[in-house]
Amino acid sequence: MGEDQNVRPDRVKIDRSLIQSAIHDPVKREVVAAILEMTHALGMETLAEGVETADEVAIIQELGCTVFQGYAYAKPLPKDAFLAYMRQTMGNTKDKRRA
């Protein structure tokens, strides 16, 4: 048990099944909210997995999660396509900041 006390995770992933069910189930939404509250209190980052729709993005953001992973942003891409996507995305972000 002595070595286990030195383990300090810095990120918690919330499974996509919980994320997706939180859209329509208020109890699951409260579970996600509780996970986020706990991880924020512990200074940990929380990543929502499997975020696939704009509704899921909106609800997860409303609950306080800022790190997402899923098809809502892009499907898996080969390296060159990913780099092009990032250049386009970052270029659009820079343009928006200047406006």
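Structure: above.
Here is a short report on the structure shown in this document. Remember, it's a predicted structure, so these values are computed and weren't measured experimentally.

## Brief notes about the overall build of the protein chain
The helix and strand tally for the protein chain stands at four helices and three strands. Starting at the N terminus and walking to the C terminus, you meet the elements of the protein chain as β-α-α-β-α-β-α. Going through the 99 residues of the protein chain one by one, you find that 20% of them count as buried. When the accessible surface of the protein chain is split by element, carbon and sulfur atoms take 54% of a total near 7,300 Å².

## Some thoughts on the nonpolar core
Ile14, Leu18, Ile19, Ala22, Val32, Leu36, Ala48, Val51, Val57, Ile60, Cys65 and Phe68 form the largest nonpolar core, which has 12 residues in total. Those elements that place two or more of their residues in this core are helix 1 (16–21), helix 2 (26–41) and helix 3 (54–63). Beyond its immediate sequence surroundings of up to four residues, Val57 is in contact with Val51, Phe68, Ala72 and Tyr73.

## Brief notes about helix 3
Every buried residue of helix 3 is accounted for by Glu56, Val57, Ile59 and Ile60. Residues of helix 3 that are buried sit in contact with helix 1, helix 2, strand 2 (45–48) and strand 3 (67–68). Immediately beyond the C-terminal end of helix 3, within one or two residues, lies Gly64, with a positive phi of roughly 110°.

## Comments concerning helix 2
Counted at 1.5 Å a residue, the expected span for helix 2 with its 16 residues is 22 Å, and the 22 Å between its end C-alpha atoms agrees. Turning to helix 2, its buried residues are Val32, Leu36 and Thr39. Within helix 2, the buried residues cover an arc of 70° as seen down the axis, which keeps them to one side. Those residues of helix 2 that are exposed and angled more than 90 degrees off the buried face are Pro26, Val27, Glu30, Glu37 and Ala41. The backbone nitrogen of Val27 lies 2.9 Å from a side-chain oxygen of the residue at the head of helix 2, namely Asp25. Phi turns positive one or two residues past the end of helix 2, at Gly43, with a value near 75°.

## Let's talk about the side chain of Thr46
Structurally, Thr46 is set in strand 2. At 2.5 Å, the side chain of Thr46 forms a polar contact with the side chain of Thr39. Residue contacts for Thr46: discarding those within four places in its chain leaves Val12, Ile14, Leu36, Thr39, Cys65 and Val67.

## Notes on a nonpolar patch on the surface
Nonpolar side chains collect at one region of the surface, where Leu77, Phe82, Leu83, Met86 and Met90 lie side by side and expose about 400 Å² of accessible area between them. For Met90, the location among the structural elements is in helix 4 (residues 79–98).

Quick notes on the rules
Residues numbered from 1 in each chain as written. Predicted model: local features only at pLDDT ≥ 70, side-chain atom pairs only at ≥ 80, totals over all residues. Heavy atoms only, no water. Helix = DSSP H or I, 4+ residues; strand = E, 2+ residues; numbered from the N terminus. Buried < 20%, exposed > 50% of the residue type's maximum accessible area, 1.4 Å probe, protein only. Areas by Shrake-Rupley, 256 points an atom, 1.4 Å probe, with all protein chains shown as cover. Core = buried A, V, L, I, M, F, W, Y, C linked by side-chain atoms within 4.5 Å. Contact = heavy atoms within 4.5 Å. Expected span 1.5 Å × (residues − 1). Arc of directions from axis to C-beta. Polar contact = N/O pair within 3.5 Å; in protein donor to acceptor, adjacent residues only side chain to side chain. Patch = residues over 30% accessible without salt bridge, like charges linked within 9 Å, V, L, I, M, F, W, Y side chains within 5 Å. Salt bridge = Lys/Arg side-chain N within 4 Å of Asp/Glu carboxyl O.

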